[in-house]
Every structure is written in C-alpha cells, then in structure tokens.
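Residue-level structural notes
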Amino acid sequence: MNGEEKKFHDKIIYMAQLASISFIWIFVAGIAVWILNLISISVDLNDAPGASIGISIIAIPVFFTLAGILTYVFVGFHKKNNNIKE
Amino acid sequence: MEEKKKTTVDIDEALYRPIYETGKGFYITVGVLLMIILFAAFMYIRQVYYGLGVTGMNQPVTWGFYIVNFVFFIGISHAGTLISAILRLSKAEWRRPITRMAEVITAIVLAIGGLHPIIDLGRPDRVLNIFTAGRLQSPLLWDVTSITAYFTASTVYLYLPMIPDIAKLRDRGGKLRWFYDFLSWGWQGTEHQKKVLNRAINILMVMVIPIAVSVHTVISYIFSMTLQPGWHSTIFGPYFVVGAIFSGIAALLIVMIAFRKFFHLENYLKLIHFRYLSTLLLIMSLLWFYFTFSEYLTGIFGAEPHEMDVILYKMTGPYAIFFWGMVICNFIIPVIVLSFKKFKTIKGILFASITVVIGMWLERLNIVIPSLANPRLELSTGMYFPSLTEWSLFIGALAVFVLGYVLFSKFFPIISIWEIEEGREESIKEVEERVKSYLPGPAGTTE
Amino acid sequence: MPKWAMVIDLDKCTGCGDCMAACKVENNVAIVSPEQAEENRVMFWMDMMTIYEGEYPNIKVTRIPKPCYHCDNPPCIKVCPVHATYINPEGLVGQIYHRCIGCRYCMAACPYTAKVFNWYEPEWADEFKTCMNPDVSLRMKGVVEKCSFCAHRLQHVKEDADAEDRPINDGEYMPACAESCPADAIFFGDLENKESKVYKLSRSPRAFKELEDLGTEPKVIYLSKRE
Ligand code: SF4
Ligand code: SF4
C-alpha cells in the first residue's frame, strides 16, 4: 500500500468508525423516544403513569451514559493521535 | 525494547494460533452446529406457521420450555460481565486470563436468552406492538429494557478491553486487515490512550454490576409480581440473582476447561485459576441452598393450602424427581466435590460444574411449571410434556451458543493478551507495593 | 356509571352445562378436536368446575360454573405488555384480539385460570359456520380470549335504550349463559343500581366470592348455603 492509498484507506476506516459511533447515538436516542412514547400512552390512558416514569428515570440515563463512554473513548483515542502528528 | 516486544509476542503465540490456523475440526464443528441450527430454525418456522399448538404447552401450563430456557440462559449470562467486573474491581490478579472468556459468554448467551420470549410469543409478527402500544408497567417490558441495557453494556464492556488486542492483530497484518483496523479505533498504545481506556473500563465495571443485578431481579419479578402460589415471593429477586451467578460460574468453568483442552492453553489456565473459581462456586452453592431452604421452609411452615399444593407437587408429586435432582445437582454434589482438595482436580471441577448447570436448569423448571400446573380453583392439575419442537429449539439454542463461541475465537483471542502482558510487566511490582500498603507501617506511624 | 356483575346461585344450579353450550354458540368459541381436548386445550369461556368429595359409593359432586370473574382489580391487565387486555369504566374486562402478542402472561397471572389460548388456528365444523354470531369477532391463532360478559349484547341494549331515551332496565342486558340457564340460577345486572336483583342478591348472607382474600374483587358472586 503506498502513501496515497493508505491515506484513502485510513479515511474510509475513520468514516466507518464515525458512522458506528453515530449509530450508537441513534440507537440510544431511539430507546429514549420509545420510552417517552410509552409514557405518553400511559398518561393518555391514565394507566399507572407513575410506574413508567419511574422506570424511564433509571433507564434513559443508563443508555446515554453507555453511549457517552463509547464516545469518550473514541474521541480520547483520536485526540492524542493528532497531537503526536503535530 | 524492540527485542523484548518480539519475545513477548512469541511467548503468547499460543493465543494467536487459533486465529490464524484453521483445522479440519473447525469446519466439522461449524458444519454440524449449522445443521442443528438449521433444523431448529425449521422447527421454529413450522411453529409460527401452525401456531403454538406444536409445543407441549396447554391450559393451565401456559408457559413451558421457552420461558424456562429464557430464565436459564439469562442466568448463565451473569457469569460473564458480572464476575469479570467483580474480579476487576477487587483487583484479583488471577482474573487476567479469565475475564475475556467470561464476557463473551455474557454477550452470546444474553442474545440467545433475550430471543426466547419472542420464540414464546403466539404472534411473533406483532412483536412491534411493544413499541407502538407497550406498557412500561408490565414486568415483561421491564425485562425488555433491562436486558437491552445489559446487552449494550456488556458488549461495550467486552469490546473496550479488546481494543488493544485488536490493534495487535491489525499490526500483525494478514487476514481481514480492514476489519481489525476498523475495530481498533486508532489504538496506538500511547500513554494517553491507555489512560482513557482504563478510565472508561473503570466507569463501566462499576456501572455494569447494578445493571447485571437488575436484569435477573427483573426476571424474577415476572413471576413474583403475579399472585400465584410459589411465585409471589419477596425473596425471588436475590434468589434468582444468586442462582444466576451460581450457574454462570459453572458455565464459565466448563467453557474454560473446554478451551484449555482444545486450544492447549494449559499454560494460561492453570489449576490455580480453576481452584479459585471453584471456591466461588462452592460459596454460591451454599448461598443457593440457604435461599432455597428459606423459600421452602416459609412455604411449608405457613402451610397456606395453595402454596402447599405447589410445594407438594414439587417434593412428592410428579416433579419430585426434578426437585430432588435439583437439590442433588446444585448442593450435594458440588459441596462434596469442591470441599475436598482431593476431588478438586480439573476433572472433578468439570463434573461439579456440569451438575450445577443441569441443576440450575432444573431449578428454573421447578419454578415455572409447578406453579402453573396447580391452579388455585378446583380445576384438574395440569401436566406438561415438552414436544419435539421445544426440544429442538433448546438444542438449537445451545448450538448457537457453541457456534458463537467458536466463531468468536476464530476472530479474536479469547484470552486478553495485553492484560496478560501488563500482568507480566507491571502487576508483580504493583501487587508487592499493594501488599506492603496493607501491612502495618513502622511502629508509631499513623496516616 | 353502571357496574355489571353476575350472581350464580349454586343452590339452584343443577350442573347441566347449558350455560357452557350457550356461551360457545353465542361467542363463536372454537371447538377443538378430541385429541387437542385430550391435551388440555379445550376452549371454554364458561367453564365448569367439578369437585368430588368422599369415597365411592358415597361421592358428593359439586358443580360450579366458572366464567371470567371480571375482577375489579384484575391481576391480568396489570401484566399485559401491550394493552391488549383492559378494564373499562363499567367494570368489564376485555381483550383486544388484534393487538395481543400472545405472550400468555395474563393467563399465568390470572388466579382463576379464566383465560384460554388459541393454540392453533381456530376451527369450526361446517354446521357451525352457518350460524356464527355476527356480533362477535372471530379470533385468530396465537391470541388469548376469555369471557366478555357478552359485551356485544350491552352494545345493542345501549343502542335501544338510547333510541328510546331511557335508562337500561334491570334484566335487559343479559349474557347468553344467564339467559339460557334452565334453572334460573344465573342473574346479571348492575351492582350500582340499588334496585337491581343482582345488588339485592349480592347482599344475601349466602353470597361469597372466590379467593376473596386476594383482593381481586371479582364481580361474579356465588350464592350457596353449603360453604
Ligand atoms: S378472572 Fe382472571 S381473566 Fe378475569 S378479570 Fe380476573 S384476573 Fe382477569
Ligand atoms: S397474551 Fe395477549 S392479552 Fe395476554 S398479556 Fe400477552 S399480549 Fe396481553
């Protein structure tokens, strides 16, 4: 692999990695939307909305923390790389 | 430095070998497993086509093997992430060759277990209703949420500590370079990256423990939130968690022994690792017995008639053989085998682990079926015989587990290489310092 | 708001099973094959409990008709993951067949084992197909069903009452089982209406409910001197 090709290759890989990170965020956001939707249904039907809100208070932050950790690692890895190159 | 690095790689060559060398055995195993899985898939499609009538379930035994296996598999999944998090958190140095294997069990088994409620549905085509019309108030949705959380967390927890190893595979070149390149997330092994990774792992392992505990607690809630005799019990949450860890450790031991044999990892998984883990198994066995004892003693002493129906069905009725089999498999055999050093050989531990896994499966059976089979009103007592469909899906699920594991070990090292290296290079000194810090200092000094 | 309830007088009931048959026809309940029945997959919305006491030849047999009790605090609806079983303001516990995902959690949670499941695609003999009740929707395989207190009849009664601009009379809304009982052992009516027969009977000293201690508050009340 010559320099040009390698650069291209790295770029593609980097894009794919970015895509996977954003996929995680979409997943997490999807879960949040889902849970919020269920809460609104239970409020509409007056069907023990307290219970659903209680669960969502625990569940949603957990998912966001997980996505946050992954993003933190990804960003953390790449930040230092740039510094080395400089 | 360069020289030294090369030699360490060579030392751990045994861990890379399975990835690069594919023998005939591999193809045969995969082929056989795929056949079993295909058959199971066929049986499942048949079930969807004809309806749940092809199973052995009926009224009043409306839940059968699928729910039993659901609880069982999710239980097994506690091996991994939970054990590995506890070991990491307690800085147990002997964890290093074990954690990865444990985490892989979790990820695979959780996926299998999580599918079981869907297999169990009468209308799998409507499963999306839980998104559009779900009720978070139903314990089943608590499960959906917590299993999703646990699955995400444990995959992340499996993946992050794998990054340095993936980078090693990437640097070796050879097959699937782009794949490893993609997964290694630009790991170069710089100090900063190490710090980031360690911090992330530390946060995760603290997070993953409550999630894991919540998963099995919530599964027990499926049962204990109903009013049914034998289910409606406050002890169920911790009882299920203990059982889950118990069966998880046993499954982990079996997997370790299998890989030790097939991948010739005797140098990494030594008798001492098995001894330590099996001590944990012994403790869990005693704990399990304590919970079982409390659960049944309160039932028998109170002698509430419906409760008694269920207990007698288990102890002297049609389920006596499963109930007492469970006690023998879960308590008597492991305690005898694991309390004597003489029996605590690899073979002995393997035997005890297998009985524990069987025993824990029987326990799940004993919890699910008898309560359903004994309706409270004066209706006839139910009976349940699993059909061929249920058996083949059970075996298919086991095959998926083995296949998942075999494939994983084809692409990634099943022992964390960098953690072993780190152990060699740093932790001896670190442990020495740590032990020193435990000891009393010179007389008269206080902190 | 009315609260519909049923009273079954066990001292009058002869255990003939007419209510079961009437229910099957009224609600298009599928008739399973003998082999399926053998496997405990019979479909009854109105079931019959049979209790044998004593030894042969001195056996005492008690027969108790058992519909869904339409609990006021139903454990079954609490567990449904998709709102496929619900209680309406009039106290009727219903099923939404086309939403049910067939997890059978509600069956496991019902302390009275009142629900049945469509293990296969439901089938009817040709003779039955000509006399299906058009008011009751047919079920599909893989969903749970149970006694609805003939809620479709309430619909008709309400329409009639609305058209004539009057309240529903006591005894106007009758499920098929109550109507068919030759011994007149099943009564049906509004518990909130202090004039109704059901209300008066529910106050009788002979009245009891099944598993009252569970707090499910069933709205099927039995009358019996025996227990
Ligand atoms: S009897 Fe069973 S099915 Fe009927 S309302 Fe009560 S709990 Fe639900
Ligand atoms: S079987 Fe149907 S009605 Fe019953 S709990 Fe499941 S989805 Fe709800």
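Everything below is about the structure printed above this text.
Read on for a plain summary of the structure. (Residues numbered from 1 in each chain as written. Chains lettered and ligands numbered in written order. Predicted model: local features only at pLDDT ≥ 70, side-chain atom pairs only at ≥ 80, totals over all residues. Heavy atoms only, no water.)

Taken together, the contacts link 36 residues of chain A with 39 residues of chain B. Interface of chain A and chain B: buried area, both sides summed, is about 3,200 Å²; carbon and sulfur atoms make up 76% of it. The largest per-residue losses of area from chain A upon contact with chain B belong to A:W34, A:L66 and A:F77, which jointly make up 22% of the total buried on that side. In this structure, the connection of chain A to chain B is made through zero salt bridges. (Contact = heavy atoms within 4.5 Å. Buried area = accessible area lost by both parts, 1.4 Å probe. Salt bridge = Lys/Arg side-chain N within 4 Å of Asp/Glu carboxyl O.)

Attention now moves to helix α15 (residues 320-339) of chain B. Residue and element names in this part refer to chain B. Under the 1.5 Å per step criterion, the end-to-end length of α15 is 27 Å for 20 residues, consistent within 8% with the ideal 28 Å. Taking the largest bend as the criterion, α15 deviates by roughly 35°, centred on I328. Residues of α15 that are buried: A320, F323, G325, M326, V327, C329, N330, F331, I333, P334, V337 and L338. The secondary structure elements touched by the buried residues of α15 are α12 (236-262), α13 (271-302), α14 (305-315) and α16 (346-373). (Helix = DSSP H or I, 4+ residues; strand = E, 2+ residues; numbered from the N terminus. Expected span 1.5 Å × (residues − 1). Bend = angle between axes of the 7 residues up to and from the residue. Buried < 20%, exposed > 50% of the residue type's maximum accessible area, 1.4 Å probe, protein only.)

Once that is clear, we can look at the site of ligand 2. The environment of ligand 2 is made up of 13 residues, and the closest members are C:C80, C:C100, C:C103, C:R104 and C:C106. Looking at the shell around ligand 2 residue by residue, the classes come out as nine nonpolar, three polar and one charged. (Near = heavy atom within 4 Å. Nonpolar A, V, L, I, M, F, W, Y, C, P; charged D, E, K, R; others polar.)

A few words on the sheet that holds strand β8 (residues 186-190) of chain C. Residues and elements named next belong to chain C. Taken in spatial order, the four strands make up an open sheet running β8-β1-β10-β9, and their pairing is mixed. The open sheet has two edge strands with one neighbour each: β8 and β9 (207-208). Bridging between β9 and strand β10 (residues 220-223) involves two bridges; their strand directions are antiparallel. Pairing of A207 across the sheet is with L223, part of β10. (Pairing = 2+ DSSP bridges.)

Around ligand 1 there are 14 residues in total, and C:C68, C:Y69, C:C71, C:C76 and C:C110 lie nearest to it. Across the shell around ligand 1, the residue classes tally to 11 nonpolar, one polar and two charged.

Counted under the stated rule, the structure contains 24 salt bridges over all chains. Here B:R123 makes a salt bridge to B:D125, at a shortest N to O gap of 3.1 Å. Assessed through its relative accessible area of 54%, B:D125 is described here as exposed. C:R153 is the salt-bridge partner of C:E179, the closest N and O atoms lying 3.1 Å from each other. With a gap of 26 residues between them, C:E179 in helix α7 (residues 176-180) and C:R153 in helix α6 (residues 151-164) connect regions that are remote in the sequence. The exposure class of C:E179 is exposed, given its relative accessible area of 54%. Among the charged side chains, a salt-bridge network with shared partners connects B:R88, B:R95, B:E103 and B:E419.

This part takes up the side chain of C:S196. All names here are of chain C. Looking at the element boundaries, S196 is found in the loop between β8 and α8 (197-202). Given a relative accessible area of 0%, S196 falls into the buried group. Beyond its immediate sequence surroundings of up to four residues, S196 is in contact with D170 and D190.

Turning our attention to the nonpolar core. Formed by 227 residues in total, the largest nonpolar core has its most connected members in B:W63, B:M101, B:L160, B:F223, B:L265 and B:Y405. Once residues within four sequence positions are removed from consideration, B:Y405 is found in contact with B:M101, B:A102, B:V104, B:I105, B:I108, B:V255, B:F259 and B:I414. (Core = buried A, V, L, I, M, F, W, Y, C linked by side-chain atoms within 4.5 Å.)

Chain C puts 48 residues into the contact, and the matching count from chain B is 46 residues. Taken together, both faces of the contact between chain C and chain B bury some 3,700 Å²; the carbon and sulfur share is 57%. It is C:I101, C:Y105 and C:W119 that lose the most area in chain C upon contact with chain B, and together they represent 18% of the buried surface on that side. Where chain C meets chain B, there are one salt bridge. Counting across the chain C and chain B interface gives 30 residue pairs in polar contact (both at pLDDT 80 or more). (Polar contact = N/O pair within 3.5 Å; in protein donor to acceptor, adjacent residues only side chain to side chain.)

Across a regular strand the side chains alternate sides, sitting on one face of the sheet and then on the other. Residues and elements named next belong to chain C. Direction of pairing for strand β2 (residues 47-53) relative to strand β3 (residues 60-66): antiparallel, over a ladder of seven bridges. The partner of E53 across the bridge, within β3, is K60. In textbook terms, the turn of a hairpin is the stretch between consecutive antiparallel strands, and for β2 and β3 this stretch comprises six residues, one of which, G54, has a positive phi near 85°.

On inspection of all chains with the given rule, the structure shows 50 aromatic pairs over all chains. On the numbers, 4.9 Å between centres and 80° between planes, the contact of C:W4 with C:Y173 is edge-to-face. Of this pair, C:W4 sits in strand β1 (residues 4-9) while C:Y173 sits in the loop between α6 and α7, and the two are 169 residues apart along the sequence. We note that C:W4, like C:Y173, is buried. By way of ring pairs, the aromatic residues B:W63, B:F223, B:W231, B:F236, B:Y239, B:F240, B:Y290, B:F291 and C:Y105 are connected into one cluster. For C:K24, the ring lying beneath its charged end belongs to C:F44, and the centroid distance is 4.8 Å. Sitting above the plane of the C:W119 ring, C:R41 keeps its charged end 5.1 Å from the centroid. (Phe/Tyr/Trp six-rings, centres within 6.5 Å; stacked < 30°, edge-to-face > 60°. Lys NZ or Arg CZ within 6 Å of the ring centre and 35° of its normal.)

All names here are of chain C. Both faces of β10 are covered, namely the face carrying V220 and Y222 and the face carrying I221 and L223. Relative to β10, β1 is paired through four bridges, and the arrangement is parallel. Across the sheet, the residue bridging to V7 is I221, located in β10.

Turning to unusual backbone geometry, a few remarks are in order. The residue after B:Q59, namely B:P60, is reached through a cis peptide bond having omega 5°. Of note, B:P60 is situated in the loop between α3 (24-50) and α4 (65-76). For the bond from C:Y56 to C:P57, the omega torsion is 5°, close enough to zero to count as cis. Note that C:P57 resides in the loop between β2 and β3. One non-glycine residue, C:N28, lies in the positive phi region at around 55°. Examined against the element boundaries, C:N28 turns out to sit in the loop between α1 (18-26) and α2 (34-38). Among the residues examined, C:N28 registers a relative accessible area of 3% and is labelled buried. A positive phi angle, near 60°, is found at C:H83, a position not held by glycine. With respect to the helices and strands, the residue C:H83 is situated in the loop between α3 (75-79) and β4 (85-87).

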